[in-house]
Amino acid sequence: MPYGYNGKILHVDLTTGTFEVEEPSDNFYRKYMGGSAMAMVYILREVPAGIDPLSPENLLTFFTSVVTGAPISGQSRINVNAKSPMSLGIGDSQAGGFFPAEFKFAGYDGIIFRGKSPKPVYLSVIDGVAALHDASHLMGKITGEVDAILKNEMADPKIEIAQIGPAAEVGVRFSGIVNMSNRLNGRTGMGLVMASKNLKAVVVRGKKKPEIADPAALIALNRSGPKLMPENADMDGLGKLGTASVVIFNNAIGTLPTRNYSEGQFEDAEMISGEKMAETILKKRDTCYACIVRCKRVVEITKGKYTADPYYGGAEYETIGTFGSYCGINDLAAISQAHQICDMYGVDSITCGATIAFAMECFEHGIIGLTETGGIELRFGNADAMLAILNQIVTKSGALGPVLAEGSARAAKMWGTGTEEFLITVKNEEAPAHMPQAKRSLALIYAVNNFGADHQSSEHDPYYEEGVADFNLDRLREIDLHEPPAFQSLGAEKVRFAAYTQIFYSMLDSLELCQFVYGPTWTLYGPKETADMIRAVTGWKVSIFELMKVGERRINMMRAFNVREGFTRKDDQLPQKFFKPLVGTGPTAGVALGHEEFNTALDLYYQLMGWTPDGVPTTAKYVDLGIEWVKDYL
Ligand code: SF4
């Protein structure tokens, strides 16, 4: 019996309604460890090149890891992967909550869905027993309603449910998969792939808690958490104010995207801050399974123009950024209502808010008018207009819903000339609320990340620039980063930082670890403790070197998938907007990325990664990572 994991993967053929249980070798688990690294093995081997992501040939994978469900903070996360309907390259999205740990307790480390069910179904996995059930009575229902029906139907209020919402059913391209009605595998359109398979929900419940190899070591690490929290200002802020604790900081350093990424400071940042949320609408803090940080928000608004039901949690920083400062909106109640609509209907709030901000900028410049908006004054700062358009998007109705439900890159193609300059997309994914004009290593990572612009695929620049606190630098030294470069540099040392921390974060995404708990700088536990935890749970004598190789393996398998789909250096490019000077106020006013510095950094990054000048992994790199088999599937 292995420590930490079940040793079983469930294969579900939705076309035939049949199941198979695979028991991979221990070596397979040690080499890939879980999450999207494990998923890529199946996706590379089985998904034919060039398929429509919404065809039955696409695979949809759910993977936990060898440490999911262990009794320690930051391990309850799950990855969903498939070919993405957004980028047409690899799709990848992660979510936390209680669903991931319960999934593991139900008896499997991963589930792979193939084919397409002839009618809507949901899958239940209860104590290792899988079954498909008719889901026609759930169709068209919002997430909270489906939760209630399924808990009643299965006569168990403690089942955990991951589901698609009505948005995926009507074909919103950036639909996600929602668990607890307030945690989302949001990005890259994984909900739409699930809808294309006629799979409405996955329900899990189980008693099979993972065996721990060294319980005493894990308990010691766990007990250190509450002592470390108050000593670590970043963690303390995250716990007390949630992810919105960074609104004020990002605004101060000029990286709070404002009015569709045209400015780096929002004059009303305080009105949408974590502090303001705590003072006004916060009802309580929430958490993920076994996590002491409790960074999740639960808000309630019962009076006034806009309302928020605590069942749907509360907005994260990214949601506040995209529906708030991106749209020039300073009303936390309106933003909270937008957050709730995204969770009820099941859409990615980053893509959704950013797409509305893009449409607002098109309206402000007269590229679209009242005819296209159906009479809505879609101006920055107009909260009513934002919510009206959001309601159109999630139902794919009205004048703008069907257009914007495709995301901003496809909307720009429909509207034509002049709109492209307002895009903030990479590989058709809208940039999150951290500005690469100031956080320049993020410029590189936004460009090269295999599933589009993403803020959780590497560490951010302020943690590796001159003047960084010893606490952060001491941890970065553990992965051989010793010499913080100057503010806003994108020189060689910053490229090394981008690549090394990208590999570290990729390892975290293979092990399904929360990046607020484990990381190379400010988090609760650093690299050493991350390795200590994995050793304690699995009994494997892992080194940081071995773990970094897992992360690098994942990046290279994803890259191989994209190469096979025809992606090249031309897809590792940034939108024009990032090369134009920012307007407005603050330390980033007038700041822009330079084409030459970006291309020089990109060249160096490819070389560091062992890729060709076109961004393609070499045979030597596959050998280095022990994945030469990938070449057979290119
Ligand atoms: S830090 Fe927050 S998001 Fe991460 S596991 Fe804990 S409660 Fe969940």
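Above: the structure in question.
Residues numbered from 1 in each chain as written. Predicted model: local features only at pLDDT ≥ 70, side-chain atom pairs only at ≥ 80, totals over all residues. Heavy atoms only, no water.

Q: When you look at the packing of helix α20 (residues 492-510) against helix α23 (residues 595-609) in this model, what are you seeing that I'm missing?
A: Between two packed helices, what matters for the description is the angle formed by their axes and the separation of those axes. Their axes nearest at 10 Å, the elements α20 and α23 cross at an angle of 50°. As summarised for this structure, α20 and α23 are arranged oblique, according to the angle between their axes. Judged by the twist between their axes, the crossing of α20 over α23 is right-handed. In this structure, α20 contributes A492, V495, R496, A499, Q502 and I503 to the contact, and α23 contributes A601, L604, Y605, L608 and M609. Residues belonging to the contact of α20 with α23 are distributed by class as follows: 9 nonpolar, 1 polar and 1 charged. (Axes fitted to C-alpha atoms, helices over the stretch in contact; angles between N-to-C directions. Helix = DSSP H or I, 4+ residues; strand = E, 2+ residues; numbered from the N terminus. Parallel < 35°, antiparallel > 145°, perpendicular 65-115°, else oblique. Left-handed = near helix turned anticlockwise from the far one by under 90°. Contact = heavy atoms within 4.5 Å. Nonpolar A, V, L, I, M, F, W, Y, C, P; charged D, E, K, R; others polar.)

Q: For this particular structure, what's the right way to read the layout of surface pockets?
A: If you roll a probe as big as a water molecule over the atoms, it shows you where there is empty space left. By volume, the second largest pocket amounts to about 480 Å³. Contributing to the lining of the second largest pocket are 19 residues, with K413, L423, T425, K427 and N428 lying nearest its centre. In terms of residue count, helix α17 (residues 408-415) provides more of the lining of the second largest pocket than any other element does, 3 residues in total. Tallied by class, residues from the lining of the second largest pocket come to 8 nonpolar, 6 polar and 5 charged. (1 Å grid on protein atoms, 1.4 Å probe; cavity = no way out; pocket = protein on both sides within 12 Å on 5 of 7 lines; lining within 4 Å. Points joined across faces, edges and corners; volume = space filled by probe spheres on them.)

Q: Would you take a moment to explain the packing of aromatic side chains for this structure?
A: This structure, assessed with the given rule, holds 22 aromatic pairs. Ring geometry for F28 versus Y42: centroids 6.1 Å apart, planes at 75°, classification edge-to-face. With F28 in helix α1 (residues 26-32) and Y42 in helix α2 (residues 35-46), this residue pair connects regions lying 14 residues apart in the sequence. The residues F28 and Y42 share a single accessibility class, namely buried. When the centroid spacing of 5.8 Å and the interplanar angle of 75° are considered together, the rings of F62 and F113 count as edge-to-face. Taken as a pair, F62 in strand β3 (residues 60-63) and F113 in strand β6 (residues 110-114) lie far apart in primary sequence, 51 residues in all. Pair check on accessibility: F62 and F113 agree, each one buried. (Phe/Tyr/Trp six-rings, centres within 6.5 Å; stacked < 30°, edge-to-face > 60°. Buried < 20%, exposed > 50% of the residue type's maximum accessible area, 1.4 Å probe, protein only.)

Q: Honestly, the sheet that holds β3 in this entry has me stumped. Any pointers?
A: Hydrogen bonds between backbone groups are what pair the strands of a sheet, and the pairing can be parallel or antiparallel. Spatial strand order, β2-β1-β6-β3-β4-β5: 6 strands in an open sheet with mixed pairing. The sheet is open, and its two edges are formed by β2 (18-22) and β5 (90-95), each paired on a single side. Taken over all neighbouring pairs, the strand axes of this sheet differ in orientation by 15° on average, direction set aside. Where strand β1 (residues 9-13) meets β2, 5 bridges bridge the pair, whose relative direction is antiparallel. By the bridge assignment for β2, D13 is matched with T18. (Pairing = 2+ DSSP bridges.)

Q: How do you make sense of the sheet that holds strand β12 (residues 199-205) when you look at a structure like this?
A: Here we have 6 strands laid out as an open sheet, ordered β8-β7-β12-β9-β10-β11, and mixed in their pairing. On the outer flanks of this sheet lie β8 (129-134) and β11 (183-185), each paired with one strand and no other. The average undirected angle you get between the axes of adjacent strands in this sheet is 20°. Here 6 bridges tie strand β7 (residues 121-126) to β12, and the two strands are oriented parallel to one another. Residue I126 lies in a different strand from β12, and its bridge partner there is R205. Most of the contacts of helix α4 (residues 143-153) go to strand β9 (residues 160-163), to which it runs at about 135°, and overall it touches β7, β9, β10 (177-179) and β12.

Q: Before we go on, may I ask you to explain the site of the ligand in this structure?
A: Near the ligand, the surroundings consist of G74, T287, C288, C291, V293, R294, C295, C514, F516 and V517. Here the shell around the ligand is built from residues that sort into 7 nonpolar, 2 polar and 1 charged. (Near = heavy atom within 4 Å.)

Q: Honestly, the environment of A359 in this entry has me stumped. Any pointers?
A: As for its placement among the helices and strands, A359 is situated in helix α13 (residues 349-364). Taking the C-alpha atoms as reference points, A359 and A308, separated by 51 residues in sequence, lie 25 Å from one another. Excluding residues within four positions of it along the chain, A359 makes contact with I368, L378, L404 and W415.

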